[in-house]
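# Summary of the model geometry
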Amino acid sequence: LVFQAMFNVLIPDHAADAFSPPRSGPWGLWDTLLERLLGGLGRWDAEHFLFIAEHGYLLEHNCAFLPLFPLGLRLLAALLPCPVPLQPRSRLLLAAALLNALLAALAAAALLALGRAVLRRPSQAFLAALLFSLSPAGVFMAAAYSESAFAALAFGALWQLENGLLFALAAGARANGLVNAGFVLYSRVERFVLRLQGTAASPRELPVLWKQALGPVASAALACAGISLPFALFQYYAYVRFCEPGTDLAQSVPEALLQLARDKGYRVAGVGVDKPPWCSQRFPLVYSYIQDAYWNVGFLRYFELRQIPNFLLALPVTLLCSWAAWTYVSANPRHCLTLGLVRSKGEESGKARDGFCGPAAFVYVVHSTALLVFGFFCMHVQVLTRFLGSSSPILYWFSAHLLLEHEPLLWSTGTDNPASGKPPLGKSHSSCGKGTSDNPVVRLLLNWRSITPLSKSILGFFLGYWLLGLVLHCNFLPWT
């Protein structure tokens, strides 16, 4: 918050062709001061979230942003005690800063708990949580975006895998929350298949097995329906809002906003007689229509020479997550070929490998790789950093794995020995270089000159994108 305020004051805003709705009401001294201090958190897509929280879904292209986070902003802004007069947008901006600070902390805690459960290496889980606090997508975790809310809900849901409510709430924050239904499906299938292993079934018993399978199938179907419900309800709400007759809202829309809509070609709810094209589709999904019509999102549409700088922006996270997938498949070829549904002898004896390359991480690697492939070929590629940074723990787990495997300075930070079998170089923190901090990231930074090139590359990526994001995003300059 301090850095974005400083950069927001020192660097003039770029005149970006982005959504910038007219401000309502006269601005006072406190509004101006708050804009100076926190205005960097309200750039780019944050304008949509703040606008929705203040006015609702008046404009069609606002429907690309799901309602959970704007609802949270509106509720918190209404509950915040405010001893000075502030305009609604200023209250919402303050609410966004406070809410996302809390949600980012909760996301880090959920990632730590999830890492301990899946990796079974406390130091690796702890380092991953520390790296999350320095996420390359850090500016989006602080700004008025839904990334922090989604990360907290998604990581919490994965930690408490049977908690369908958290999965459903995540799908109400971001559309890619629907993909998390795959974790529930895989969990039910894995449980059923592993229960059948070791039992030889005769042909006469097949009907019994089919009956046994009906329970998990029905349970999985209900769980997926529940996860999809918030998204489906919002699509229905948008249909009623923009497609049904009798929703004339023109009288309640400020004239300045109507003028902006006329100038930019925005469709306003209840204004005009023509229905939007998506209303007559067999499955009228406003979300997919907006992505296509307003932002030209689709397969290979971003593969143009002028987008090379954006591909370069996405290169570090693309390489890191691709390397993570290759490392896991190379370490577990049989496990991957059998989709993790056939137990190895080590798993049966309770001696399964732990850490990033352990069997429990398989489904997370598949999820991360699927998001990477979809994002690279079908989305605006520069958003991959925040897309993966808020959706998957793999970016942080694999980075922590590499640091603990290949950085001698960290080989004596705890009881987790590197899987490579390399001996620890010291018996205490003090033997590993300058400083005695228990924070491994701080220790690496204090000994920057002596750490390996790989460690410098990983930390350079995290810290560089964290800082560049603050400088560029907060001043309407292009970023991820």
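Calculation rules
Residues numbered from 1 in each chain as written. Predicted model: local features only at pLDDT ≥ 70, side-chain atom pairs only at ≥ 80, totals over all residues. Heavy atoms only, no water. UniProt positions renumbered as here; feature names shortened; annotations may be inferred. Helix = DSSP H or I, 4+ residues; strand = E, 2+ residues; numbered from the N terminus. Buried < 20%, exposed > 50% of the residue type's maximum accessible area, 1.4 Å probe, protein only. Areas by Shrake-Rupley, 256 points an atom, 1.4 Å probe, with all protein chains shown as cover. Core = buried A, V, L, I, M, F, W, Y, C linked by side-chain atoms within 4.5 Å. Contact = heavy atoms within 4.5 Å. Patch = residues over 30% accessible without salt bridge, like charges linked within 9 Å, V, L, I, M, F, W, Y side chains within 5 Å. Salt bridge = Lys/Arg side-chain N within 4 Å of Asp/Glu carboxyl O. pLDDT = per-residue confidence, 0-100. Phe/Tyr/Trp six-rings, centres within 6.5 Å; stacked < 30°, edge-to-face > 60°. Lys NZ or Arg CZ within 6 Å of the ring centre and 35° of its normal. Lys, Arg positive; Asp, Glu negative; His and termini not counted. Arc of directions from axis to C-beta. Axes fitted to C-alpha atoms, helices over the stretch in contact; angles between N-to-C directions. Parallel < 35°, antiparallel > 145°, perpendicular 65-115°, else oblique. Left-handed = near helix turned anticlockwise from the far one by under 90°. Nonpolar A, V, L, I, M, F, W, Y, C, P; charged D, E, K, R; others polar.

Labelled according to an unreviewed UniProt entry, the chain appears under the name GPI mannosyltransferase 2, originating from Setophaga kirtlandii. Taken from UniProt, the Subcellular location (unreviewed entry) comment for the chain reads in full: "Endoplasmic reticulum membrane". Regarding the chain, the UniProt comment filed under Function (unreviewed entry) reads as follows: "Mannosyltransferase involved in glycosylphosphatidylinositol-anchor biosynthesis."

Next up on the list: the overall build of the chain. Assigned secondary structure in the chain consists of 21 helices and zero strands. Relative to its full complement of 480 residues, the chain shows a buried share of 49%. Looking at the chain as shown, the accessible area adds up to about 22800 Å², and 66% of this sits on carbon and sulfur atoms.

Our next topic: the UniProt feature "transmembrane region" (unreviewed entry) in the chain. The UniProt feature table records "transmembrane region" (unreviewed entry) at residues 92–114, 126–145, 165–186, 311–329, 361–381 and 458–479. Along residues 311–329 one finds 100% helix and 0% strand; the C-alpha atoms at either end are 25 Å apart. Between the end C-alpha atoms of residues 458–479 there is a gap of 19 Å, over a span that is 73% helix and 0% strand.

Okay, the nonpolar core next. Core analysis: the biggest nonpolar cluster contains 122 residues, and Leu 73, Leu 131, Phe 132, Phe 356, Tyr 364 and Trp 397 have the highest contact counts within it. Among the elements that line this core, the one with the most residues is helix H5 (residues 88–119), at 14 residues. With residues up to four places along the chain from it excluded, the contact list for Tyr 364 reads Leu 114, Val 118, Leu 158, Phe 183, Ser 392, Pro 393, Ile 394 and Trp 397.

This paragraph deals with a nonpolar patch on the surface. Side chains of Phe 3, Met 6, Val 9, Leu 10 and Leu 467 sit close together on the surface and give an oily, nonpolar patch of about 460 Å² of accessible area. Top element by residues in the nonpolar patch is helix H1 (residues 2–10). It accounts for four residues. Mapping Leu 10 onto the fold places it in helix H1. Taking the relative accessible area as the measure of exposure, Leu 10 reaches 62% and is therefore exposed.

Here we take up the confidence of the model for the chain. Averaged over all residues, the pLDDT of the chain is 87; the fraction at 70 or higher stands at 88%. Mean pLDDT per element in the chain: helix H16 (residues 345–348) is the minimum at 59, and helix H17 (residues 362–378) is the maximum at 97. Note that residues 423–432 has pLDDT below 50 and, in this model, 18 contacts with residues that lie over four places away or in other chains.

On to unusual backbone geometry. Notably, Trp 44 is not glycine yet its phi reads approximately 50°, a positive angle. Along the chain, Trp 44 falls in the loop between helix H2 (29–38) and helix H3 (46–55). A positive phi angle, close to 65°, is found at Leu 300, a residue other than glycine. Inspection of the secondary structure assignment puts Leu 300 in the loop between helix H13 (286–293) and helix H14 (308–331). Take Leu 300: its relative accessible area is 38%, and that puts it in the partly exposed class.

Here the distance between the centres and the angle between the planes together describe a pair of aromatic rings. Enumeration over the complete set of coordinates arrives at 33 aromatic pairs. Taken together, a centroid distance of 5.2 Å and an interplanar angle of 70° make the contact between Phe 49 and Phe 65 edge-to-face. Of this pair, Phe 49 sits in helix H3 while Phe 65 sits in the loop between H3 and helix H4 (68–79), and the two are 16 residues apart along the sequence. For the pair shown, Phe 49 and Phe 65 are each scored as buried. Aromatic rings pair up to connect Phe 49, Phe 65, Phe 69, Phe 140, Tyr 145, Tyr 294 and Trp 295 into one cluster. In this structure, Arg 386 packs its charged tip against the face of Phe 140, placed 4.9 Å from the ring centre.

To continue, consider the pattern of salt bridges. Taken as a whole, this structure holds 12 salt bridges when the rule is applied. For Arg 267, the salt bridge identified is with Glu 60, shortest N-O distance 3.0 Å. Taken together, the residues Arg 267 in the loop between helix H12 (255–264) and H13 and Glu 60 in the loop between H3 and H4 connect sequence positions 207 residues apart. Between Asp 354 and Arg 121 there is a salt bridge, with the nearest N and O atoms lying 3.1 Å from each other. In this pair, Asp 354 sits in the loop between H16 and H17 while Arg 121 sits in the loop between H5 and helix H6 (122–133), placing the two residues 233 residues apart along the sequence.

You can see Asp 31 is positioned in helix H2. With no salt bridge to any partner, buried Asp 31 finds its closest opposite charge in Arg 89, at an N-O distance of 8.5 Å. Setting aside residues no more than four positions away along its own chain, Asp 31 makes contact with Pro 85, Leu 86, Gln 87 and Ser 90.

Here we take up helix H9 (residues 164–171). An α-helix turns once every 3.6 residues. As a result, residues three or four positions apart point the same way. Within H9, burial applies to Phe 167, Ala 168, Ala 170 and Ala 171. Buried residues in H9, looked at end-on, bunch into an arc of 160°, giving them a common side.

Right, let's talk about the packing of H5 against helix H8 (residues 147–159) for a bit. Geometry of a packed helix pair, given as the angle between the helix axes and the separation of the axes. Where H5 meets H8, the closest approach of the two axes is 8 Å, and the angle between their N-to-C directions is 25°. Relative to H8, the element H5 is oriented roughly parallel. Handedness of the crossing formed by H5 with H8: left-handed. Mapping the contact onto sequence places Asn 100, Leu 103, Ala 104, Leu 106, Ala 107, Ala 110, Leu 111, Ala 113, Leu 114 and Ala 117 in H5 and Ser 148, Ala 149, Ala 151, Ala 152, Phe 155, Gly 156, Leu 158 and Trp 159 in H8. Grouping the amino acids of the contact of H5 with H8 by side-chain chemistry returns 15 nonpolar, three polar and no charged.

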